[in-house]
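Next come the chains, spelled out residue by residue.
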Amino acid sequence: MKSTMSKLFATAAIVAAPFAATTALADGHGDDLTYILVSHAPDSDSWWNTVKNGIALAGEQMGVNVEYRNPPTGDLADMARIIEQAAASQPDGIITTLADFDVLSGPVADAVDQGIDVIIMNSGTPEQAREVGALMYVGQPEYDAGYAAGLRAKDDGVGSFVCVNHAISNVTVAERCVGFADGLGIELGDSMIDSGQDPAEVKNRVIAYLNANPETDAILTIGPTSADPTILAVEEMGIAGDIYFGTFDLGDNIVQAIKDGTIQWGIDQQPFLQSYLPVVVLANYDRYGVLPGNNINSGPGFVTADALEKVEEFAGEFR
Amino acid sequence: MADPIIQMKNIEKHFGSVIALAGVSVDVFPGECHCLLGDNGAGKSTFIKTMSGVHKPTAGEIVFEGKPLDFGDPRDAIAAGIATVHQHLGMIPLMSVARNFFMGNEPVKKFGPFKAFDHEYANKVAMAEMKQMGINLRGPDQAVGTLSGGERQTVAIARAVHFGAKVLILDEPTSALGVRQTANVLATIDKVRKQGIAVVFITHNVRHAMAVGDRFTVLNRGQTLGTAARGEITPEALQDLMAGGQEMAQLEGSLGGTV
Amino acid sequence: MSDVQNTDERIKETSRLRQALIRPELGGMVGTVAVFVFFALFAFDSGMFNAQGVMNWSVVSAQFMIIAVGACLLMIAGEFDLSVGSMIGFAGMMVAIFGVTFGVPMWLTIIITFVVCVGFGALNGYIVVKTGLPSFIVTLATLFILRGFTIFFPQTIERKTIIGGIREAAEGDWLAPLFGAKIGKPVFQWLGDIGVIDTFQRGNRLGEPVVDGIPMLMVWAIGLVIFGHWLLTRSRFGNWIFAAGGDADAARNSGVPVNAVKIKMFMFTAFCATVFAVCQVMEFGSAGADRGLLKEFEAIIAVVIGGALLTGGYGSVIGAALGALIFGVVQQGLFFAGVESSLFRVFLGVILLAAVILNTYIRRIITGER
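Because the structure is predicted, anything quoted here is derived from the model rather than measured.

What counts and what doesn't
- Note that residues are indexed from 1 along each chain, following the sequence as it is written.
- Labels are handed out in written order, letters beginning with A for the chains and numbers beginning with 1 for the ligands.
- Where totals are concerned, whole chains, interfaces and linings use all residues; where local detail is concerned, this predicted model gives features only for residues with pLDDT of at least 70, and gives and counts side-chain atom pairs only at 80 or more.
- Starting at the N terminus, helices and strands are each numbered in turn, a helix being any DSSP run of H or I of at least four residues and a strand any DSSP run of E of at least two.
- Residue pairs are scored as contacts if the distance between their C-beta atoms, which are placed from the backbone, is within 7 Å.
- Counts of 20 or more other C-beta atoms within 10 Å of a residue's own C-beta define buried residues, counts of 12 or fewer define exposed ones, and intermediate counts define partly exposed ones; C-beta atoms are placed from the backbone.
- Two strands form a pair only when DSSP identifies at least two bridges running between them.
- Remark: nonpolar core denotes a set of buried Ala, Val, Leu, Ile, Met, Phe, Trp, Tyr and Cys residues whose joining runs through C-beta atoms within 7 Å.
- Domain boundaries shown here were taken from an automatic or database domain assignment.
- Just so you know the grouping, Ala, Val, Leu, Ile, Met, Phe, Trp, Tyr, Cys and Pro go in nonpolar, Asp, Glu, Lys and Arg go in charged, and all remaining residues, Gly too, go in polar.
- Under this scheme, a helix contributes an axis fitted over its contacting stretch, all axes are lines through C-alpha atoms, and angles between N-to-C directions fall in the 0 to 180 degree range.
- Should the near helix be turned anticlockwise from the far one by less than a right angle, the crossing is termed left-handed; should it be turned clockwise, right-handed.
- The labels follow the angle: roughly parallel below 35 degrees, roughly antiparallel above 145, roughly perpendicular from 65 to 115, and oblique for the rest.
- With the strands aimed away from the viewer, a crossover counts as right-handed if its path from the first strand over the helix to the second runs clockwise.
- In a helix, the anticipated span is given by 1.5 Å times the number of residues less one.
- For every residue, the predictor states its confidence as a pLDDT score lying anywhere from 0 to 100.

## Details of the overall build of chain B
Phase 1 of the analysis: On a plain count of helices and strands, chain B comes out with 9 helices and 12 strands.
Phase 2 of the analysis: Its C-alpha atoms give chain B principal-axis dimensions of roughly 70 × 40 × 35 Å.
Phase 3 of the analysis: The contacts of chain B with a sequence gap of at least 6 include a subset with a gap of at least 24, amounting to 69%.

Here is the structure:
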């Protein structure tokens, strides 16, 4: 028994080691302002790395503590618990998304009512942000962005498309496809496919869809998770550059594909700004009481083959 | 002697083209230990499975307490009072002795609409029965896994006796045991016999059989080679019968009669 | 025979303390104490131990407990259910589709959901006992089938994968509060009034306590743990559960209805998953296609931390409940302590490993395995 107990303590010490280091680091700034960003992304979603880098940089520049939290599997009910937890730890501000208004509005409103400043980023709408009592909304209105992209594609002569959706359960992301269809002036119908998150699955489903529907004019992907395998799919089918290909969000492979001419344009919602700006806004609000008077639209910005230099340099890191 | 409690008359059992039993007849009386000897493949297991209701005989008749028997499944046999303690026991090592003892026959105590397992009763009975068999447990919650092989056999035998076995079939209970544990199990068999229960003791070890047996039946290649009472036959003769006579005699000669 | 003859002098006398210690729950008890000491040292003033913080990790732990009780009894009966997570998503979606889309009264919706889900549990069990296939494979199939339906139905019917409006549909229903209500509100209001619990500082809930009651989720968790513990240790059926998982053939030989026991345990696991799901949709008001992802593993982890044996026949509901508590406290506590959230899995792995090693050691003492 004794040896087991000592083993247990040894284990506890090992567990404690990285933990103590992290705590020391978090307290190292000597500033008492703490902001917590709660995202809805599962661990596997690489796109959110830019958001993490954004708050980290803002935290450093503003001299405040910042923490990033997310539900490991992307389960939004778990996310609600994390927001409740964040509120219980009494930070100075919470930055979060409204990926599902029904689930998240309660916990977010409770946090606001406890006197914690909240800024909504990324998912959600300015109206919803106002309803839960948030200070502002920083992000890209998804439907509007999709609509603008749809109008652009219509001008380029597109009449039909397939929307490759890797986050089928995220309502706001689906709005991009709905907006795109409305911009084209067609019904969404069956043109949105649930691609799953696994690269091989996404690729094969896109190939299957395009083989079954050879008359499809355009492909719209809603992020790197669906775009990267789709690039491979069109290359494999030998239609890279022929088929009209637009995507939301940026990443290394997307930038390369824009350069190669495989992708016509990428819509950058500039996630860096979505996490960087709220920290700056909250810190200045807490310190000096200044607050911008309106919501901030971080996107949409169309990225095409022209002016790719900066994007290329920082893709996946800050872009 | 009283009437036999169970009579197996001319039992035949065929599995497809294989004749496992070719007309075996055995009587077992209450309070006797009837040893069933035979080499591997002699048909011992098939025979006792027929007796305990696992197999239906292809031909022949089983008479139990004077009435012809037709078991649908082993549960009927158990209900009638024919209990089998298998070579591989039927004890669950992770469970306590008391829980094992009452497995499938749990005593219950009523609390209004609820029926609860009566641990107090179960513990008391299990301890008492084990003590009677000469095994002192640390406590009724001791796991069966901590008992020795001989002690486990004893638990299984005590369990069968407690739940009203009239015929107790022991399938090679001593085959995997050491000398001391074997002695304990044989002593248990003796106690059970004295309670008036008919014991059918399957073994291929003549010395174990001679130690407790009242009568001996030898099976060879699916047939009975006859039944002998204690004192009518020598261990050497039994050994010969089991092995099929002559060849064994030659073999034994070359080994100096030590087998 | 005298006593002396039968006492094996090679067996050392074991002390009463040691006797009291060697039980399946020990790992869970040690772990619980260790975890609380740990967070008391590193996260004491982070809000983790104020009313709101306690409620936060209690609710998360209660969620784990509900599914862990089912998984625990099933594992002791010798089987696994990997479809728990999918069942949670599926049950929630059923409530949404029947209650919101089809407008069926909420009480009827809840009953239909329970019947269908427990039916799926029975089907799992029936296939396992009839085919003799490992439950691992059978329920893995169910995992995909249910998850597929959970995405397919709402997409086909509503063209979306999250259906909201459940709270509104449940308004005034007599059965829904059994899953979604909070109890003890006056007590918490009083605690808020005298300043024990913080109150809201603004908004339309001004003056109300930040923790305004005990959610039914926790009542269910405690109720299921008590029921499960009683069933396992104090009932006749509990003996059959141990027997079925310990050695199914031996149990059958002794007249235990092994197949019926296993099927019932699959149904109970499905029942627990459905309770989890209904409480969740009543609280959050919407059902999503990705709800409950990986929850089956979280349930199994909690059960294993709690001392149950993966191969069946051994374990404890109290242990599983403690495992769920450890899981919930660690998961939320790491956030309170400000640890980088990606390290959560590392901690989980370390705790799981430590628990399994400790439990193996305890079990060897109990069974005398070497």
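## Notes on the pairing of strand β3 (residues 33-38) of chain B
All names here are of chain B.
Phase 1 of the analysis: With 6 of 6 residues buried, β3 is to be regarded as a mostly interior element.
Phase 2 of the analysis: Of the two faces of β3, the one holding Cys33, Cys35 and Leu37 and the one holding His34, Leu36 and Gly38 are both buried throughout.
Phase 3 of the analysis: Bridge count for β3 against strand β10 (residues 198-203) is 5 bridges, and the pairing is parallel. Each bridged residue has a counterpart across the sheet, and for cysteine 33 the counterpart in β10 is valine 199.
Phase 4 of the analysis: In this structure, β3 lies alongside strand β11 (residues 215-220), joined through 5 bridges in parallel fashion. Bridging from a neighbouring strand, histidine 34 pairs with arginine 215 of β11.

## Let's talk about the nonpolar core
Across soluble globular proteins, nonpolar side chains have a tendency to be buried as a group.
Phase 1 of the analysis: Counting residues in hydrophobic clusters, the biggest one holds 294 residues, and the most contacted among them are Leu168 of chain B together with Ala68 of chain C.
Phase 2 of the analysis: With 18 residues, helix α14 (residues 258-284) of chain C is the largest single contributor of residues to this core.
Phase 3 of the analysis: For this core, the two domains that each supply at least three residues are domain 1 (27-139 + 271-298) and domain 2 (142-268) of chain A.
Phase 4 of the analysis: Among residues more than four places away in sequence, those in contact with leucine 168 of chain B are Ala83, Val85, Ile157, Ala160, Val161, Val192, Ile197 and Val199 of chain B.

## Observations concerning the interface of chain B and chain C
Accessible area lost on assembly of the parts is the figure often given for the size of an interface.
Phase 1 of the analysis: Facing the 23 residues of chain B at the interface are 25 residues of chain C.
Phase 2 of the analysis: Of all the elements in the fold, those that place two or more residues in the side of chain B that touches chain C are α2 (74-80) and β8 (114-117) of chain B.
Phase 3 of the analysis: Looking at the side of chain B that touches chain C element by element, the count peaks at 3 residues for β8 of chain B.
Phase 4 of the analysis: For the side of chain B that touches chain C, the residue count by class is 13 nonpolar, 6 polar and 4 charged.

## A closer look at the interface of chain C and chain A
Phase 1 of the analysis: With 49 residues of chain C in contact, the opposing surface of chain A contributes 44 residues.
Phase 2 of the analysis: Of all elements in the fold, only α3 (26-42), α4 (51-76), α14, α16 (317-336) and α17 (344-367) of chain C reach the threshold of two or more residues within the side of chain C that touches chain A.
Phase 3 of the analysis: Per element, the largest residue contribution to the side of chain C that touches chain A is 6 residues, and it comes from α17 of chain C.
Phase 4 of the analysis: Classifying every residue of the side of chain C that touches chain A by side-chain character gives 25 nonpolar, 18 polar and 6 charged.

## A look at the sheet that holds strand β6 (residues 82-85) of chain B
Residues and elements named next belong to chain B.
Phase 1 of the analysis: Spatial strand order, β6-β9-β10-β3-β11-β12: 6 strands in an open sheet with mixed pairing. One side of each edge strand has no neighbouring strand; the edge strands of this open sheet are β6 and β12 (223-229). Averaged over all neighbouring strand pairs, the angle between strand axes comes to 20 degrees, with direction disregarded.
Phase 2 of the analysis: Contacting β3, β11 and β12, helix α8 (residues 235-243) crosses the sheet at an angle of about 25 degrees to β11.

## Observations concerning the arrangement of the chains
Phase 1 of the analysis: Take the 2 pairs of chains in contact: the one carrying the most contacts is chains A and C.
Phase 2 of the analysis: These two, chain A and chain B, are apart from each other, with no contact and a minimum C-alpha gap of 19 Å.

## Let's talk about the packing of helix α5 (residues 84-101) of chain C against helix α6 (residues 106-131) of chain C
Residues and elements named next belong to chain C.
Phase 1 of the analysis: One can describe the packing of α5 onto α6 by two numbers: an axis separation of 9 Å at closest approach and a directional angle of 150 degrees. Considering the relative orientation of α5 and α6, their crossing is right-handed. Residue-level inspection shows Met87, Phe90, Ala91, Met94, Val95, Phe98 and Gly99 of α5 in contact with α6, the latter providing Met106, Thr109, Ile110, Ile112, Thr113, Val116, Cys117 and Phe120.
Phase 2 of the analysis: Of the residues in the contact of α5 with α6, the class split is 12 nonpolar, 3 polar and no charged.

## Thoughts on the sheet that holds strand β1 (residues 6-15) of chain B
Sheets are built from strands paired through backbone hydrogen bonds, the pairs being either parallel or antiparallel.
All names here are of chain B.
Phase 1 of the analysis: The 4 strands are arranged β2-β1-β4-β5 in an open sheet whose pairing can be described as antiparallel. Every interior strand has two partners, whereas the edge strands, β2 (18-28) and β5 (67-68), have only one.
Phase 2 of the analysis: Direction of pairing for strand β4 (residues 59-64) relative to β5: antiparallel, over a ladder of 2 bridges. Paired with valine 63 across the bridge in β5 is proline 68.

## Remarks on unusual backbone geometry
Most peptide bonds are trans, and most residues other than glycine sit at a negative phi.
Residues and elements named next belong to chain A.
Phase 1 of the analysis: In this structure, glutamine 90 is a non-glycine residue whose phi angle is positive, near 50 degrees.
Phase 2 of the analysis: For glutamine 90, the location among the structural elements is in the loop between α3 (76-88) and β3 (93-96).
Phase 3 of the analysis: You can call glutamine 90 partly exposed: it has 18 C-beta atoms within 10 Å.
Phase 4 of the analysis: A positive phi angle is found at glutamine 270, which is not glycine, with a value near 55 degrees.
Phase 5 of the analysis: Residue class for glutamine 270 comes out buried when judged on the 24 C-beta atoms lying within 10 Å of it.

## Some details on the packing of helix α9 (residues 224-237) of chain A against helix α10 (residues 252-260) of chain A
Residues and elements named next belong to chain A.
Phase 1 of the analysis: It is at 9 Å that the axes of α9 and α10 come closest, and there the two elements cross at 45 degrees. As judged from the angle between their axes, α9 and α10 are oblique. You can see that α9 and α10 cross each other, and the crossing is left-handed. Contacts between α9 and α10 pair Pro224, Ala227, Asp228 and Ile231 from the former with Asn253, Ile254 and Ala257 from the latter.
Phase 2 of the analysis: Here the residues of the contact of α9 with α10 are counted per class, giving 5 nonpolar, 1 polar and 1 charged.

## Quick notes on the pairing of strand β2 (residues 65-69) of chain A
Residues and elements named next belong to chain A.
Phase 1 of the analysis: For β2, the tally of buried residues reaches 5 of 5 residues, placing the bulk of the element in the interior.
Phase 2 of the analysis: On β2, burial covers both faces: Asn65, Glu67 and Arg69 on one face and Val66 and Tyr68 on the other are all buried.
Phase 3 of the analysis: Where strand β1 (residues 34-38) and β2 come together, 5 bridges link them in parallel fashion. If you follow valine 38 over to β2, its bridge partner there is arginine 69.
Phase 4 of the analysis: On the question of chirality, the crossover connecting β1 to the parallel β2 by way of helix α2 (residues 49-62) is right-handed.

## What to know about the domain arrangement of chain A
All names here are of chain A.
Phase 1 of the analysis: Taken as a whole, chain A is organised into domain 1 (27-139 + 271-298) and domain 2 (142-268).
Phase 2 of the analysis: Here domain 1 and domain 2 have C-alpha centroids that lie 29 Å from each other.
Phase 3 of the analysis: Domain 1 puts 8 residues into the contact, and the matching count from domain 2 is 9 residues.
Phase 4 of the analysis: Looking at side-chain class alone, the side of domain 1 that touches domain 2 contains 2 nonpolar, 4 polar and 2 charged residues.

## Quick look at the environment of tyrosine 126 of chain C
Phase 1 of the analysis: With respect to the element layout, tyrosine 126 of chain C can be found in helix α6.
Phase 2 of the analysis: Spatially, the C-alpha atoms of tyrosine 126 of chain C and phenylalanine 200 of chain C are 52 Å apart, while their sequence positions differ by 74 residues.

## Section: helix α1 (residues 44-51) of chain B
All names here are of chain B.
Phase 1 of the analysis: With 6 of 8 residues buried, α1 lies mostly within the body of the structure.
Phase 2 of the analysis: Inspection of α1 places Lys44, Thr46, Phe47, Ile48, Thr50 and Met51 among the buried residues, and these make up the whole buried set.
Phase 3 of the analysis: Of the residues one or two after α1, glycine 53 is the one with positive phi, at around 90 degrees.

## Considerations on helix α5 (residues 149-162) of chain B
Residues and elements named next belong to chain B.
Phase 1 of the analysis: Relative to the 20 Å expected for 14 residues at 1.5 Å per residue, α5 spans 20 Å between its end C-alpha atoms, a close match to the ideal helical length.
Phase 2 of the analysis: Most of α5 sits inside the fold, with 12 of its 14 residues counted as buried.
Phase 3 of the analysis: Among the residues of α5, Gly150, Glu151, Arg152, Gln153, Thr154, Val155, Ala156, Ile157, Ala158, Arg159, Ala160 and Val161 are the ones counted as buried.
Phase 4 of the analysis: Buried residues belonging to α5 abut β6, α3 (97-101), α4 (119-132), β9 (167-171) and α6 (179-194).
Phase 5 of the analysis: Of the residues one or two after α5, glycine 164 is the one with positive phi, at around 80 degrees.

## Examining the environment of serine 254 of chain C
Phase 1 of the analysis: Position of serine 254 of chain C among the secondary structure elements: in the loop between α13 (248-253) and α14.
Phase 2 of the analysis: For the pair serine 254 of chain C and cysteine 272 of chain C, spaced 18 residues apart in sequence, the C-alpha to C-alpha distance is 30 Å.
Phase 3 of the analysis: Discounting residues that sit within four places of it in the chain, serine 254 of chain C has contacts with Gly90, Met103 and Gly104 of chain B.

## What to know about the confidence of the model for chain A
Residues and elements named next belong to chain A.
Phase 1 of the analysis: Taken as a whole, chain A shows an average pLDDT of 85; of its residues, 90% reach a score of 70 or greater.
Phase 2 of the analysis: Here helix α1 (residues 2-27) stands out as the least confident element of chain A, with mean pLDDT 45; β3 is the most confident, with 96.
Phase 3 of the analysis: Scored below 50 in pLDDT, residues 1-6 makes 2 contacts in the model with residues more than four places away or belonging to other chains.
Phase 4 of the analysis: A low-confidence stretch, residues 8-30 stays under pLDDT 50, and its non-local contacts, those more than four residues away or across chains, total 24 contacts.

## Looking at the environment of alanine 148 of chain A
Residues and elements named next belong to chain A.
Phase 1 of the analysis: As for its position among the elements, alanine 148 is in helix α6 (residues 142-155).
Phase 2 of the analysis: Since 18 C-beta atoms lie within 10 Å of it, alanine 148 is described here as partly exposed.
Phase 3 of the analysis: It is 40 Å that separates the C-alpha atoms of alanine 148 and glutamine 90, two residues lying 58 residues apart in sequence.
Phase 4 of the analysis: Every residue in contact with alanine 148, bar those within four places of it in the chain, is listed here: Gly183 and Pro300.

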